[in-house]
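The lines below spell out each chain.
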Amino acid sequence: MKATIGGMPLNGGAWKVLDTEGLLDSPGFQVPSVERLRHGALGGKGRAQGRTVKVTGRVETTSAAEQMQARNILAGLFRDGGSSTAVIENGGFELSSEVQLIDQVTFRPLSVFYASWELSLYAVDPFLYGPDRVSYSFPGGIGVGLAFPLFGAAGVLTYGTAVDADQPVTNQGTQTSYPTMYVRGDFPGGVQITAAGRTILWPWPTDARQPVRIEQTGTVWVGSSNLTNQARTRQWMPLEPGQTYTPRLSALQGGTGYLETHQRDPYV
């Protein structure tokens, strides 16, 4: 099993992870209930809670100075109380979660040759995520155009070969997924995105230097500005477990560019 936190490998070389308590456990669920007179308790849909994670391990050293350096590396993984990405890989299967430090970093030198350490972490998001997968969609006609090989031997006019314009997006996880889409390119009249019978219409010019980011949780961003209200049609496109759809990008008034879809499979 391999483990990294904040990009720092904690299982290799001098570092060794001994336990990741809570990271691969399923989180608890909070179920609301209402007591009704003479009717007993009525329960509602449960909501997954965050997970508490305790990572323990040891590090091999050759001097007290190396031990202090190892201690500083651990303490620096969560600068200013921020979060870091914890990644566990086991048998070629990789899962990750955003975690925060909720207690002190415990570092115990046991001799000059090794020390034990412990991190108490909390993940607000109850889900674990697989690696990011990227799919691309292009407007119709990309790769097609009149071409004449001026210096070629054949000297034959052709119209080019169309690229594979649409790539499918699949949720292989066990929970509903909300992909993120980026419209990259210059489309002066905006774009329309369709998938699974749903439509998102963005009737405003796009700039290749600043893509339009569409979060399928229900927001549209340009840079750091939330411009969700400017999308004319907002039929969001979540993916249920096992579902596949193929996004299609249409330019409303011509232009160049493409649609980039990021999908991470969620697990509970």
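Model, not experiment: these values are computed from the prediction.

**A few points about the nonpolar core**
One broad trend across soluble globular proteins is that nonpolar side chains are buried collectively. Counting residues in hydrophobic clusters, the biggest one holds 26 residues, and the most contacted among them are Ile5, Leu10, Trp15, Leu74, Trp117 and Leu121. Listing elements by their share of this core, those giving two or more residues are strand S1 (2–5), strand S3 (15–21), strand S8 (51–60), helix H1 (64–75), strand S9 (83–90), strand S10 (93–101) and strand S12 (114–123). Aside from chain neighbours lying at most four places away, what touches Trp15 is Met8, Pro9, Leu10, Arg58, Val59, Ala70, Ile73, Leu74 and Trp117.

**Points about the sheet that holds strand S18 (residues 180–186)**
Read across the sheet, six strands follow the order S14-S27-S18-S21-S22-S23 without closing on themselves; strand pairing throughout is antiparallel. Lying at the two open borders of the sheet, with one neighbouring strand each, are strand S14 (133–137) and strand S23 (225–226). Of the pairings in the sheet, the one linking S14 to strand S27 (residues 256–263) comprises five bridges and is antiparallel in character. Considered in S27, the bridge of Ser135 is made with Thr261.

**Here we look at the pattern of salt bridges**
Evaluation of the coordinates by the stated rule reveals five salt bridges. Ionic pairing is found between Arg248 and Asp166, a salt bridge with its closest N-O pair at 3.6 Å. One end of the pair, Arg248, is in strand S26 (residues 248–251); the other, Asp166, is in the loop between strand S16 (158–160) and strand S17 (169–170), with 82 residues separating them in the sequence. Accessibility expressed as a relative area gives 23% for Asp166, which makes it partly exposed. Across the pair Glu215 and Arg213 runs a salt bridge, and its minimum N-O distance is 2.9 Å. The partly exposed category is assigned to Arg213, whose relative accessible area is 21%.

**Considering the side chain of Thr228**
Tracing the backbone through its elements, the reader meets Thr228 in the loop between S23 and strand S24 (233–234). Within polar-contact distance, the side chain of Thr228 engages the side chain of Asn226 at 2.5 Å. Discounting residues that sit within four places of it in the chain, Thr228 has contacts with Gly218, Thr219, Val220, Arg234 and Trp236.

**Digging into the pairing of strand S21 (residues 212–215)**
Where S18 meets S21, four bridges bridge the pair, whose relative direction is antiparallel. Bridged to Thr180 within S21 is Glu215. In this sheet, strand S22 (residues 219–222) lies alongside S21 in antiparallel orientation, the contact comprising four bridges. For Val212, the partnering residue across the bridge sits in S22 and is Val222. Between the end of S21 and the start of S22, which pair antiparallel, lie three residues, with Gly218 showing a positive phi angle near 125 degrees.

Rules behind the numbers
Note that residues are indexed from 1 along each chain, following the sequence as it is written. Local features in this predicted model are restricted to residues whose pLDDT is 70 or higher, and side-chain atom pairs enter the listing and the counts only when it is 80 or higher, whereas totals over whole chains, interfaces and linings include all residues. The basis for every side-chain value is the complete set of non-hydrogen atoms in the structure, without hydrogens or water. The criterion is simple. A nonpolar core is a set of buried Ala, Val, Leu, Ile, Met, Phe, Trp, Tyr and Cys residues joined through side-chain atoms within 4.5 Å. Exposed residues in this analysis have more than 50% of their type's maximum accessible area, buried residues have under 20%, and partly exposed residues fall in between, with area computed by a 1.4 Å probe over protein chains only. Strands are runs of DSSP state E lasting at least 2 residues, helices are runs of H or I lasting at least 4, and numbering of each runs from the N terminus. Here a residue-residue contact requires only that any non-hydrogen atoms of the pair lie within 4.5 Å. In this description, strands pair whenever DSSP reports at least two bridges between them. The working definition used for a salt bridge is a side-chain nitrogen of Lys or Arg within 4 Å of a carboxyl oxygen of Asp or Glu. Nitrogen and oxygen atoms within 3.5 Å of one another constitute a polar contact, given that in protein one can donate a hydrogen and the other can accept it, and given that sequence-neighbouring residues count only through two side-chain atoms.

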